[in-house]
Amino acid sequence: MCRMARPRKPLLSRERIVETARALVDAEGLAAVSTRRLAAELGVSGPSLYNHFRTKDQILEAVADSVSAQVDLSMFDASDNRDWRTALHDWAVSYRAALTRHPNIVPVLAQGPGRRPAGLRLADAMFGAMVDAGWPAAQATSVGALMRYFIMGSALGSFAGGFVGDETAYDPSDYPHLGQAHLLADRQQLIDARAFETGLRALLDGLALQFEQMSAASDV
């Protein structure tokens, strides 16, 4: 009589640990991640995690890098024909989309790329594209920092989500211009996306003007 083979548990891998940790961060926040909790979620013993990561911080670094890897960098390829402004716009939109899918990991990402491979590839691609477009290296560095501040800041919290849905909270006698503020929370995604696009275009307008002035000065 032939016995059916027992289903085997998936082998523990770095990728599986990161995926599980990312799902845990998404659902419950950074504080929920511990080696004990991850081991329980993965159905393994705690010490087995140490074959792949020595500390909880290393796991969170890997989770952060997995989110950086979701950002589209194709607009910075040499074969892509987008100008630097369009490329920067499309990159920023993709970057924000990745962060809004995983907002709880943003505080780790905000610390900078450190040694994280995907984060460094992201920084390298953006910086290289700006230099290739004609930005001096020092200015390209400033552009990269500026974009990072703006994108990270937009993902750290929601403007619209900061208002409650109770219209009695905004008495016109106290707040004469907030009569519709209670409607913001229900339109959070639309309002925040529109605010990001407004700010991004204003930012790019300013950079384009600076680039024109810089180019004109170099021709003198």
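The present account deals with the structure reproduced in this document. Nothing here was measured: the structure is a model prediction, and the numbers come from that model.

**Examining the overall build of the protein chain**
Thinking step 1. For the protein chain, the count of helices and strands is eight helices and zero strands.
Thinking step 2. The C-alpha radius of gyration computed for the protein chain amounts to 22 Å, which surpasses the reference 17 Å derived for 220 residues by more than 25%, pointing to a less compact arrangement than a globule.
Thinking step 3. C-alpha atoms of the protein chain, sized along the principal axes, occupy 85 × 55 × 35 Å.
Thinking step 4. Counting across all 220 residues of the protein chain, residues that qualify as buried make up 35%.
Thinking step 5. Pairs at least 24 residues apart make up 70% of the contacts formed inside the protein chain by residues separated by at least 6 positions.
Thinking step 6. Here the protein chain contributes 22 positive and 25 negative side-chain charges, whose respective centroids are spaced 15 Å apart.

**Points about the packing of helix 6 (residues 117–133) against helix 7 (residues 137–155)**
Thinking step 1. Viewed as axis vectors pointing N to C, helix 6 and helix 7 meet at an angle of 135°, and their least axial separation amounts to 9 Å. By the angle between their directions, the pair helix 6 and helix 7 is classed as oblique. Where helix 6 crosses over helix 7, the two elements pack in a sense that is right-handed. Facing helix 6, whose interface residues are M126, F127, M130 and V131, helix 7 presents A137, A140, T141, V143 and G144.

**Observations regarding the side chain of H102**
Thinking step 1. Tracing the backbone shows H102 in the loop between helix 4 (84–101) and helix 5 (106–109).
Thinking step 2. According to the relative accessible area criterion, H102 is buried, its value standing at 9%.
Thinking step 3. Within the local environment of H102, its side chain forms a polar contact with the side chain of D26, the two groups lying 2.8 Å apart.
Thinking step 4. The residues contacting H102, other than those within four sequence positions of it, are R22, D26, V67 and Q70.

**Some remarks on the side chain of D65**
Thinking step 1. Along the chain, D65 falls in helix 3 (residues 56–68).
Thinking step 2. Buried within the structure, D65 lacks any salt-bridge partner; its nearest side chain of opposite charge belongs to R116, at an N-O separation of 4.2 Å.
Thinking step 3. A distance of 2.9 Å separates a polar side-chain atom of D65 from the backbone nitrogen of A118.
Thinking step 4. A distance of 2.9 Å separates a polar atom in the side chain of D65 from the backbone nitrogen of G119.

**Overview of the environment of Y149**
Thinking step 1. Its place among the elements puts Y149 in helix 7.
Thinking step 2. Y149 sits 69 residues away from D80 along the chain, and the two C-alpha atoms are 26 Å apart.

**Quick word on the nonpolar core**
Thinking step 1. Within the largest apolar cluster, 52 residues are counted, with the highest numbers of intra-cluster contacts made by F76, L88, W91, L99, M130 and M147.
Thinking step 2. Counting residues per element, the ones that place at least two in this core are helix 1 (14–28), helix 2 (35–42), helix 3, helix 4, helix 5, helix 6, helix 7 and helix 8 (188–219).
Thinking step 3. Apart from residues lying up to four places away in sequence, L88 is in contact with F76, M126, M130, V143, M147, L204 and L207.
Thinking step 4. If you look at the next biggest cluster of nonpolar residues, it comprises six residues, including F163, A181, L184 and I191.

Scoring rules and cut-offs
- Residues numbered from 1 in each chain as written.
- Predicted model: local features only at pLDDT ≥ 70, side-chain atom pairs only at ≥ 80, totals over all residues.
- Heavy atoms only, no water.
- Helix = DSSP H or I, 4+ residues; strand = E, 2+ residues; numbered from the N terminus.
- Rg over C-alpha atoms; globule rule 2.2 N^0.38 Å.
- Buried < 20%, exposed > 50% of the residue type's maximum accessible area, 1.4 Å probe, protein only.
- Contact = heavy atoms within 4.5 Å.
- Lys, Arg positive; Asp, Glu negative; His and termini not counted.
- Charge placed at Lys NZ, Arg CZ, Asp CG, Glu CD.
- Axes fitted to C-alpha atoms, helices over the stretch in contact; angles between N-to-C directions.
- Parallel < 35°, antiparallel > 145°, perpendicular 65-115°, else oblique.
- Left-handed = near helix turned anticlockwise from the far one by under 90°.
- Polar contact = N/O pair within 3.5 Å; in protein donor to acceptor, adjacent residues only side chain to side chain.
- Salt bridge = Lys/Arg side-chain N within 4 Å of Asp/Glu carboxyl O.
- Core = buried A, V, L, I, M, F, W, Y, C linked by side-chain atoms within 4.5 Å.

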